[in-house]
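# Summary of the model geometry
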Amino acid sequence: MCGLGGLARLDGRNLDASADGILEAMARTLAHRGPDDKELLRDGAVGMAFTRLSLVDPEGGGQPLISDDGSVVLIANGEVYNHRELAGTLAAGTVLRTKSDCEVLVHLYQQRGLSFLEDVRGMFGLILWDRQRNHLLLARDHFGVKPLYYSRNRERLVFASEIKALFSDPQCPRQVAWDDALASPALTAAPVIDHARPTTWFEGVESVPAATILDIDLADGTTRTHTYWKLPSFKAGAAADVQALVHDFREILASSVSDCATADASIGLFLSGGVDSAAVAALASQTVQLETFTVLSGSTMANGDAEHAHRIAEKLGIPNHQVEFHGSLVPTVDEWQHLLWLTEMPTCGPEQYFKHELHRVVKAEFPHIKGMLLGAAADEYCGGYSVLTAAGGGWQGFEASLAEMARGGATQRRPGLSAWWEGTESGLLTDSALERWGPVSDPYSAFVTAKMRDIQQYNCWHEDRTAAGSGIEARVPFLDRRLVELVSTIPVGLRERLLWDKAIIREAVGDLLPPEVAQRPKVPFFYGDGTRHTQLMFTRMLVQDGGALLEMALASPRGREYLDADRMRETVRHLEKAPMSGYVERLLPLLNLCLLDVMTTELPPPPSESAARLPEIRPRVPVTDWDSEQEGLSRRVLTAPAWSERSVLRLADEVTLLRSSTDDTTWYLAVNGSLEYVLDDDSQEWLAFLRNLDGVHAVDEVCAIAGLSVGPLGALLDESVDLGLLETVETDSSLCKR
């Protein structure tokens, strides 16, 4: 991983000396991406800034890379995994002067022109200057794993690996794209299939599309777009044999993992406890020495991720470092500002925080590790969202949900169409009519194609930044075009067999993993069991210091224009009483937009400099025997309940316990006059507790009156207090005495 930056004149003129200051500022901004070396170049119409993280040929692989005749200049970020194979295809007499994996690209371009990336396997963002043609090329890998952004006007172009580096040029716009952001499904989480181009979140800033070369004539700025690969259609494939597909998947995945694990530096792996990262760990550990790292938090303790990660590593005989996030942890305002500016994305949230902290631990305690393997992006193409999306309806339910999402995408592009769904269950228009505004005839194909956008917009973006912040390169074996092309050939009749709950992955690596791991259901990173622990952490972040983060965000002039400040403050106040009410996930993206808006007005220091203000790294907890140590681990990371047996509780003011007028055994909890919760035959103990709750007696006293034990009600009490259904009564201790 490296940092790329630069600028170029688009009017046939040369850059003047003022460009040197911009290039120096870009290199300083990108220093975290490349802490090992820095090079600046200004020649004619082009200026380049390069910061290097050296994973291959540390001594001789510096950049820019220049052809023997000086006509081609290249800077590249990422890795070309099959560079040795490609070198064998070069014309006789071609001499490679370094062992760098990227040098082969210079010669491929000289021999193949714009076709030079067609056979490349890897992840990369690159800038190539063809001096003879006076053209500048900007290109990205097949899936956009490595970032590359640009901004242009009539006179010049500025480009960089990260958006913040573009702002080193005073001519680059500095403004959040509020209108686009607020309507983006990436921010709203609307359940629609969206094929729009990824947004950069900033006005006047574009990203080079995946699998694309932008060929720019520096004489007049004329730009040609060359797409060197397209995502397969995922439409009906030819007849295929299940075992052959599984075998081929295993072979390609093993090859991709081997590619990603190859470097002249040590490699680590983030082990989540799920089958995806476990598969990568099992395959990688056959060829390299691995250190693995796992989040040990209240959420991963409760949902089993931490335990499964430990057991996987134990089974494979590789080290596993459990990194502790204790139950009372609250990210500071400085931490959040640093992380948000590092990631540049309003969707920055708990996932980015946890991963950024893991990378910090690696940098501090394992500085020889410069690459990190991930199990990311398996879900997108291998059926990872099928069970969740089906909502209990099996494969047919999955397909039905996709069809609704496809229709939702079409009506979002033409909002007026939604009127034909009013008052009907499934609408009055045919799918063929909706095809005018979006693909709905093959919802599965449309869904998987949309995931290409999500991978660029979210997955690859945040994995790159959270790793880059610690000078580490994230590597994603599942994003290998050979794997995706194979999965795209699965016939319609075999989709359920191989893509329901990632069956093709589970079968491909089943012999390498314990059955309980290979067949373990998908568990979201911090959702599901244990969600409350992460939600509480971020609620405390928002309400700390009197809502300091919110007030900093509301200092954004455009934020005050778009957001109702009083309602935002009221929502934060509500969070203090009801931290699990769901508002934190709605608030955080809006606060992030405001904070980014403020940051673009007065640029923060580069991440490599602001990192000095971060707290100490999270501690690693040694685990030898999970079974005997589990109770102690739980005490370290589980969030303490907001109540105790001696707490006096009552229903919140807006909550009412109501009895059904038609069924004596059914009761309801109404919130603000709306029936929100049903208490039926399965809730009799909980109902008995609520009916005896009087705001005077303590929890254990209420249970004694109702003939109940406190223990079985603990989870319901946790949830009800966190949701704000129950609240604590401040009372003299004498009232709590028996």
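Residues numbered from 1 in each chain as written. Predicted model: local features only at pLDDT ≥ 70, side-chain atom pairs only at ≥ 80, totals over all residues. Heavy atoms only, no water.

What follows covers the pairing of strand 21 (residues 667-671). Along strand 21, four of the five residues are buried, which leaves the element largely enclosed by surrounding structure. Where strand 21 and strand 22 (residues 674-679) come together, five bridges link them in antiparallel fashion. Pairing of Ala 670 across the sheet is with Leu 675, part of strand 22. The turn linking strand 21 back onto strand 22 is made up of two residues, and Asn 672 within it adopts a positive phi angle of 55 degrees. (Buried < 20%, exposed > 50% of the residue type's maximum accessible area, 1.4 Å probe, protein only. Helix = DSSP H or I, 4+ residues; strand = E, 2+ residues; numbered from the N terminus. Pairing = 2+ DSSP bridges.)

The subject of this paragraph is the pairing of strand 11 (residues 212-217). In regular strands, side chains alternate between the two faces of the sheet. Within strand 11, six of the six residues are buried, leaving the element largely enclosed by the surrounding structure. Burial along strand 11 is two-sided: the face carrying Thr 212, Leu 214 and Ile 216 and the face carrying Ile 213, Asp 215 and Asp 217 are both buried. Relative to strand 11, strand 7 (residues 135-140) runs antiparallel, the two sharing five bridges. Opposite Leu 138, over in strand 11, you have Leu 214 as the bridge partner. Inspection of the sheet shows strand 11 paired to strand 12 (residues 223-227) by five bridges, in the antiparallel sense. Looking across to strand 12, one finds that Leu 214 is bridged to Thr 225. Connecting strand 11 to the antiparallel partner strand 12 that follows it, the hairpin turn spans five residues, and Gly 221 within it adopts a positive phi of roughly 85 degrees.

Looking at the protein chain as a whole, the pLDDT averages 91, with 97% of positions reaching at least 70. This stretch, residues 734-738, has a pLDDT under 50; its non-local contacts, to residues over four places away or in other chains, come to ten contacts. (pLDDT = per-residue confidence, 0-100. Contact = heavy atoms within 4.5 Å.)

The next subject is unusual backbone geometry. Keep in mind that most residues, glycine aside, have a negative phi and that most peptide bonds are trans. Phi at Asn 134 is positive, roughly 60 degrees, even though this residue is not glycine. Examined against the element boundaries, Asn 134 turns out to sit in the loop between strand 6 (122-130) and strand 7. Judged by its relative accessible area of 26%, Asn 134 is partly exposed. Phi angles above zero are rare outside glycine, and Trp 201 is one such case at about 75 degrees. Tracing the backbone shows Trp 201 in the loop between helix 6 (185-188) and strand 10 (206-207). Overall, the relative accessible area of 1% leaves Trp 201 in the buried class.

This next bit is on the sheet that holds strand 21. Strand order across the open sheet formed by three strands is 20-21-22, with antiparallel pairing between neighbours. The outermost strands of the open sheet, each flanked by one partner alone, are strand 20 (655-659) and strand 22. Taking the axes of each pair of neighbouring strands and ignoring which way they run, one obtains an average angle of 30 degrees across the sheet. Where strand 20 lies against strand 21, five bridges are found, and the strand directions are antiparallel. Counterpart to Leu 657 in the pairing with strand 21 is Leu 669. (Axes fitted to C-alpha atoms, helices over the stretch in contact; angles between N-to-C directions.)

Our focus in this paragraph is the pattern of salt bridges. Going through the model one piece at a time under the given rule, you end up with 51 salt bridges. Across the salt bridge formed by Asp 43 and Arg 131, the nearest N and O atoms sit 2.6 Å from each other. Separated by 88 residues along the polypeptide, Asp 43 in strand 2 (residues 37-43) and Arg 131 in the loop between strand 6 and strand 7 bring together distant segments of the chain. Accessibility expressed as a relative area gives 34% for Asp 43, which makes it partly exposed. Since its relative accessible area comes to 28%, Arg 131 is described here as partly exposed. The salt bridge partner of Arg 482 is Asp 480, with a shortest N-O separation of 2.8 Å. On the accessibility criterion, Asp 480 (8% relative accessible area) is buried. Taken together, the salt bridges that share partners define one network made up of Arg 33, Lys 146, Glu 162, Lys 164, Glu 344, Asp 464 and Arg 465. (Salt bridge = Lys/Arg side-chain N within 4 Å of Asp/Glu carboxyl O.)

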